[in-house]
Amino acid sequence: MTVPSHLGRARPAARPLFAAAAAAATAAAVALAAPAAASAATAHRQNAGQAGAVFVQTDNTAGNQVVSYARSASGTLTLAGTYDTGGLGGQLTGSVVDHLASQGSLQYDAQRHLVIAVNAGSNSVTVFGARGTRLHRRQIIGSGGQFPVSVAIRGNLVYVLNALRGGAVQGYRLSPAGHLAFLRGSHRRLGLNQAATPQFTNTPGQVAFSPGGTQLIVTTKANGNDIDVFGVRQGGRLSASPVVNAEGSTVPFGVAFDQAGHLVIADSGSNALSTFALGAGGTVTLIDSVGTGQAATCWVAPAGGTLYASNAGSGNISGYTSSASGQLTLLGQTSTDPGTVDAAASPDGQFLYVQTGGNGIVDEFSVAAGGALTSVGSVTVAGAAGGEGIASS
């Protein structure tokens, strides 16, 4: 997300701040260096050495797709298939490299082997069954609002965040067969200012479950600068209203949790990563906040014991460690292709895949002990410039 002028003008892309060899040499200051019908899906031969899969959402406004890649043992990606969602991508006014201006718009459910994608332009959600890199489209269902941008999954409970008309979350039950059903009484409006502009900085950023599944977190970005926390009641419905935690002018965006369970927020207004203690009553207490020194710090993804923040305005990612008490240490930056947005790690934390919206490229990195990154390649996703949504299995 490029930060608007009233939050601080985005700076030109930064030059790379490290070399892989230097990162390895200085441990004390590690630098970061159903399937769709045959006419709607193009299948490709899978890599014989496949160790997993990476799924990328194009968010193309002419027709949304999920593109699957086989991940080799060395972390490189090979195109395996392209699958129509049956819906349309969307683009918020003012957005350039991040059309949804959100995190978590594509999710992989390892328990049921499902991929869930939002169709922002058609107010719907698509559920795919996943078998390795092969996808089978099972369902298209309404998002319960306008312009869905983020998905959270916990067991058989799914919540979708809708960004427009003041924002709202909608809950679903996920059946053993992998189908969503609306959860009656689960819809909650966020009550954000619908007239606030530009759209892409004033829509909510992400919906996410707490580690224990008892709370649902929503970030509002510049539209309130709040971290909203709903209680998740027995049966999956939410508290009538959230606890609203005001965070000044930080513009809270992406959500993650560190290994100790602290809430981690990417703050795009202050270009920083922040850790919080999340109270049982829904309040959040700031533990630490450390700036990236970069522009448009909006997304955050964990890989092993390291947190990686994406800086869209600088074309790089910043690495952090978080201590057992939630204190952050900035490790440095690794350059990427232009428009650094959403990211996802392999389940074992050995590889990090970073979506860059400038040209629709996914950059591939191996993750060394201590968090140092080494580029292992990149792939260009057809029709995905400005798109968001990436997941790994």
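First things first, this report covers the structure right here in the doc. The shown structure was predicted, so the numbers you read here are calculated from the model rather than taken from an experiment.

Cut-offs and rules
- Residues numbered from 1 in each chain as written.
- Predicted model: local features only at pLDDT ≥ 70, side-chain atom pairs only at ≥ 80, totals over all residues.
- Heavy atoms only, no water.
- Helix = DSSP H or I, 4+ residues; strand = E, 2+ residues; numbered from the N terminus.
- Buried < 20%, exposed > 50% of the residue type's maximum accessible area, 1.4 Å probe, protein only.
- Areas by Shrake-Rupley, 256 points an atom, 1.4 Å probe, with all protein chains shown as cover.
- Pairing = 2+ DSSP bridges.
- Axes fitted to C-alpha atoms, helices over the stretch in contact; angles between N-to-C directions.
- Salt bridge = Lys/Arg side-chain N within 4 Å of Asp/Glu carboxyl O.

### Focus on the overall build of the protein
Consideration 1: When helices and strands are counted, the protein shows one helix and 30 strands.
Consideration 2: Out of the 393 residues in the protein, the part that is buried amounts to 59%.
Consideration 3: By element, 51% of the accessible surface of the protein is carried by carbon and sulfur atoms, the whole surface being about 14000 Å².

### So, the sheet that holds strand β20 (residues 272-278)
Consideration 1: Taken in spatial order, the four strands make up an open sheet running β18-β19-β20-β21, and their pairing is antiparallel. Both edges of this open sheet fall to β18 (252-257) and β21 (284-291), since each of them pairs with a single strand only. Ignoring which end each strand starts from, the neighbouring axes of this sheet average 25 degrees apart.
Consideration 2: Pairing geometry for β18 and strand β19 (residues 263-267), over four bridges, is antiparallel. Directly across from Ala256, in β19, lies its bridge partner Val264.

### With respect to the pairing of strand β29 (residues 373-380)
Consideration 1: Bridge analysis of strand β28 (residues 361-367) against β29 gives seven bridges, and the strand direction is antiparallel. Looking at β29, one finds that Phe365 is bridged to Ser375.
Consideration 2: In this structure, the hairpin formed by β28 and β29 is closed by a connection of five residues, where Gly370 is found at a positive phi of approximately 90 degrees.

### Structural notes on unusual backbone geometry
Consideration 1: Omega for the peptide link from Thr197 to Pro198 comes to -5 degrees, which places this bond in the cis form.
Consideration 2: Turning to its location among the elements, Pro198 is positioned in the loop between β13 (188-189) and β14 (206-209).
Consideration 3: With phi around 60 degrees, Ala296 is a residue other than glycine that occupies positive phi space.
Consideration 4: One can find Ala296 in the loop between β21 and β22 (297-303).
Consideration 5: Take Ala296: its relative accessible area is 2%, and that puts it in the buried class.

### Side note on the pattern of salt bridges
One side chain can pair with another of opposite charge once the charged atoms of both are near each other.
Consideration 1: In this structure the tally under the stated criterion is one salt bridge.
Consideration 2: Arg112 is the salt-bridge partner of Asp109, the closest N and O atoms lying 3.9 Å from each other. For the pair Asp109 and Arg112, one class covers both residues: buried.

### A closer look at the sheet that holds strand β17 (residues 243-246)
Whenever strands of a sheet pair, they do so through backbone hydrogen bonds, lying parallel or antiparallel.
Consideration 1: Read across the sheet, four strands follow the order β14-β15-β16-β17 without closing on themselves; strand pairing throughout is antiparallel. The open sheet has two free edges, formed respectively by β14 and β17, since each of these has just one partner strand. The sheet shows a mean angle of 20 degrees between the axes of neighbouring strands, direction not considered.
Consideration 2: Relative to β17, strand β16 (residues 226-231) is paired through four bridges, and the arrangement is antiparallel. Across the sheet, residue Asp226 finds its bridge partner in β17, namely Ala246.

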